[in-house]
Amino acid sequence: QVQLVESGGGLVQAGGSLRLSCAGSGRTFSMYRMGWIRQAPGKEREFVAAISPSGGTTTLADFVKGRFTISRDNAKNTVYLQMNNLRPEDTAVYFCAAGLTTTQLMRDMKTLAYWGQGTQVTVSS
């Protein structure tokens, strides 16, 4: 099993930056593709970013390309989401999740077995 705990959310002004962290437990953390998924009030969950088990391949949603970066440190069982140039529309609860494929993280979220509890990101205009 993998347990995930996010941190790093908060309130920031538009144009500012935040770095989210997701700490995982369990020896199998490095086997999983990790992703960040967000959910704004009244909206469906949407894919933000994913990273391969080795960290060599990343996938970003179009609306965050050029602003967000996903990375991981398997020695620390941690995945990060660096968010720059934040916009009010980025306001959401951000979840990290572990999956077997990028497609699962992007389109089959209901099949994901491991989720963190979420961290709130609020961007003021």
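Now for a quick tour of the structure. (Residues numbered from 1 in each chain as written. Predicted model: local features only at pLDDT ≥ 70, side-chain atom pairs only at ≥ 80, totals over all residues. Heavy atoms only, no water.)

Turning next to the state of the cysteines. Here, the word disulfide means a covalent bond between the sulfur atoms of two cysteines. Within the structure shown, the criterion is met by one disulfide. The side chain of Cys22 participates in a disulfide bridge whose partner is Cys96; the two sulfur atoms lie 2.0 Å from each other. Taking the sign of the S-S torsion, 50° for the link of Cys22 and Cys96, the bridge is right-handed. Taken together, the residues span a long stretch of sequence, with Cys22 in strand β3 (residues 18-25) and Cys96 in strand β9 (residues 92-99) at a distance of 74 residues. (Disulfide = S-S within 2.5 Å. Helix = DSSP H or I, 4+ residues; strand = E, 2+ residues; numbered from the N terminus.)

By the bridge criterion, five bridges tie strand β1 (residues 3-7) to β3 in an arrangement that is antiparallel. Within β3, the position partnered with Leu4 by the bridge is Gly24. Where β3 meets strand β8 (residues 78-83), six bridges bridge the pair, whose relative direction is antiparallel. Along β8, the bridge assignment pairs Cys22 with Val79. (Pairing = 2+ DSSP bridges.)

The residue Thr102 is located in helix α1 (residues 102-107) in this model. For Thr102, a relative accessible area of 19% translates into the label buried. Here Arg33 takes part through its side chain, which lies 3.4 Å from a polar atom of the side chain of Thr102. Dropping the residues within four chain positions of it, Thr102 is found in contact with Arg33, Ala50 and Thr59. (Buried < 20%, exposed > 50% of the residue type's maximum accessible area, 1.4 Å probe, protein only. Polar contact = N/O pair within 3.5 Å; in protein donor to acceptor, adjacent residues only side chain to side chain. Contact = heavy atoms within 4.5 Å.)

Scanning all chains against the criterion turns up four salt bridges. Here Arg38 makes a salt bridge to Glu46, at a shortest N to O gap of 2.7 Å. Of the charged contacts, one joins Arg67 and Asp90 as a salt bridge, the two residues approaching to 2.7 Å between their closest N and O atoms. Taken together, the residues span a long stretch of sequence, with Arg67 in the loop between β6 (58-60) and β7 (68-73) and Asp90 in the loop between β8 and β9 at a distance of 23 residues. In terms of burial, Arg67 and Asp90 fall into one category: buried. (Salt bridge = Lys/Arg side-chain N within 4 Å of Asp/Glu carboxyl O.)

This part is about the sheet that holds β1. Strand order across the open sheet formed by four strands is β1-β3-β8-β7, with antiparallel pairing between neighbours. Edge strands, defined here as strands with exactly one partner in the open sheet, are β1 and β7. Taking each pair of neighbouring strands and ignoring which way they run, the sheet shows an average axis angle of 15°. Sheet analysis places β7 next to β8, joined by six bridges and oriented antiparallel. Note that in β8 the partner of Thr69 across the bridge is Gln82. (Axes fitted to C-alpha atoms, helices over the stretch in contact; angles between N-to-C directions.)

As a further point, take the environment of Arg107. Secondary-structure assignment places Arg107 in helix α1. You can call Arg107 exposed: its relative accessible area is 61%. Sequence-wise, Arg107 and Glu46 are 61 residues apart; in three dimensions their C-alpha atoms are separated by 8.8 Å.

What follows covers unusual backbone geometry. For Asn77, which is not glycine, the phi torsion reads 50° and is therefore positive. If you trace the backbone, Asn77 turns up in the loop between β7 and β8. Positioned with a positive phi, Asn85 is a non-glycine residue whose angle comes to about 50°.

By themselves, these observations are geometric and do not establish any function.
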